[in-house]
Structures are given as structure tokens and as C-alpha cells.
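Listed below are the residues making up each chain.
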Amino acid sequence: MAIKNIITEPNKILRQKSLPVSIVGKEEQKLMNDMLETMYDANGIGLAAIQIGVPKRIIVMDLSKNEEKKSPMYFVNPIITNKITETSTYEEGCLSVPNFFAEVDRPKKCDVEYLDYNGKKKILNANGLLATCIQHEMDHLEGILFIDYLSKLKKTMVIKKLSKQKNRPDRIIV
Ligand code: ZN
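Keep in mind that what you see is a predicted model, and the values were worked out from it rather than measured. (Residues numbered from 1 in each chain as written. Predicted model: local features only at pLDDT ≥ 70, side-chain atom pairs only at ≥ 80, totals over all residues. Heavy atoms only, no water.)

Caption draft 1: Local environment of the nonpolar core. Formed by 16 residues in total, the largest nonpolar core has its most connected members in Ile 59, Met 61, Phe 75, Val 112, Leu 124, Ala 126 and Ile 134. Every element with two or more residues in this core is listed here: β2 (58-61), β6 (109-115), β7 (121-127) and α2 (129-141). Of the residues forming this core, the biggest block, 6 residues, is contributed by α2. Those residues in contact with Val 112, other than ones at most four positions away along the chain, are Pro 78, Ile 79, Ile 80, Thr 81, Lys 122, Ile 123, Leu 124, Ile 134 and Met 138. If you look at the next biggest cluster of nonpolar residues, it comprises 15 residues, including Ile 6, Leu 47, Ile 52 and Ile 58. (Core = buried A, V, L, I, M, F, W, Y, C linked by side-chain atoms within 4.5 Å. Buried < 20%, exposed > 50% of the residue type's maximum accessible area, 1.4 Å probe, protein only. Helix = DSSP H or I, 4+ residues; strand = E, 2+ residues; numbered from the N terminus. Contact = heavy atoms within 4.5 Å.)

Caption draft 2: How the structure looks around the layout of surface pockets. Taken as a whole, the largest pocket spans an internal volume of roughly 720 Å³. Lining the largest pocket are 32 residues, with Asn 43, Gly 44, Ile 45, Gly 46 and Asp 62 positioned closest to its centre. Among the elements of the structure, α1 (26-41), β4 (87-94), β5 (97-107) and α2 are those that each provide at least two residues to the lining of the largest pocket. For the lining of the largest pocket, the element with the most residues is α2, which contributes 6 residues. In terms of residue class, the lining of the largest pocket is made up of 14 nonpolar, 11 polar and 7 charged. Taken as a whole, the second largest pocket spans an internal volume of roughly 180 Å³. Taken together, the residues of the lining of the second largest pocket break down into 4 nonpolar, 1 polar and 6 charged. (1 Å grid on protein atoms, 1.4 Å probe; cavity = no way out; pocket = protein on both sides within 12 Å on 5 of 7 lines; lining within 4 Å. Points joined across faces, edges and corners; volume = space filled by probe spheres on them. Nonpolar A, V, L, I, M, F, W, Y, C, P; charged D, E, K, R; others polar.)

None of this, on its own, says anything about what the molecule does.
Structure follows, in C-alpha cells:
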């Protein structure tokens, strides 16, 4: 396994639409292992392949708390087959939008059809945090970031701030 570099906004790669995976083979499993290690290292609970620059419809998540046993989830080619109109609100953050959080409303429950780590077809009935997290990650596959749900003004401010953070030279402590 290897820790990969997480791409941050603004970056055109994050706006790319990811492509379906035809088979879940060794290469895809290696990618999922790397994604999971990268996500754990960054203290995230979800990561889409495009966030490490791979435009494949693959997501990893782990919603277990630190002290609990790890319980990784893998989603290949996820599709939402059903969602309710009732929404829930969470304060969301994203490994690709560092140091920024905002409240986002999303359907409270959804059903997701996907292939697992072994390429087996599965259905997940998600609700609460799990539903929000999978929808956030699935947005990444479409090139959508959670800041896209904010007002235009607020979004522009966030992107400006992120650009400034990027342009700053590396800090060295000697
Ligand atoms: Zn994200």
C-alpha cells in the first residue's frame, strides 16, 4: 500500500467526470488499498479515486470511530437507485477542500447499488451520516464538490482563499 497525494481545489482534475470500471481486478484492488491508506493518513472518512488523480468510479469510506475496529467500505460503480425527499443537514468538510466546513442538506436516506472489493454486486440502504457521506463521495465522481452547493459569493471566497494557501511557499523550520 502507498499513501498518495490528495489533490485540492482549485484543480481541474477534481472537475472531471470519472469513468465506470469494467472489472474489479488486481489493479483496482491495489488502487482501493492505496486510497484507504491515504484516507486514514489524512484522517478522512471517505475518499474518491479522482481525489488522488484517478478518474475511476471508485470510493472508499470508513465511518468507524478511532477507538473502534476499522471497518472499511469499498464502492465500485455506485448508483443511487432510490432516495427520499426528506433531508438531513451535516457540516461537511472534504480532503480536497482543506480547512473549510459548511452545512449541506442532502436526502436523509438513499439506496446504493455497487460492486464491492471483490467485484460482487451489493445494495446498501444508507441513512444519516452514511447516506450523506456516500452522496458526498458520489458527487466527486461527477466532478462536484460540496462547496458547489454554497452561494456563488461564498464559493468564490473559498476558492480564492484556497488558491492563496497553495501559492504560499513551503514553510521551512530550521
Ligand atoms: Zn470530498
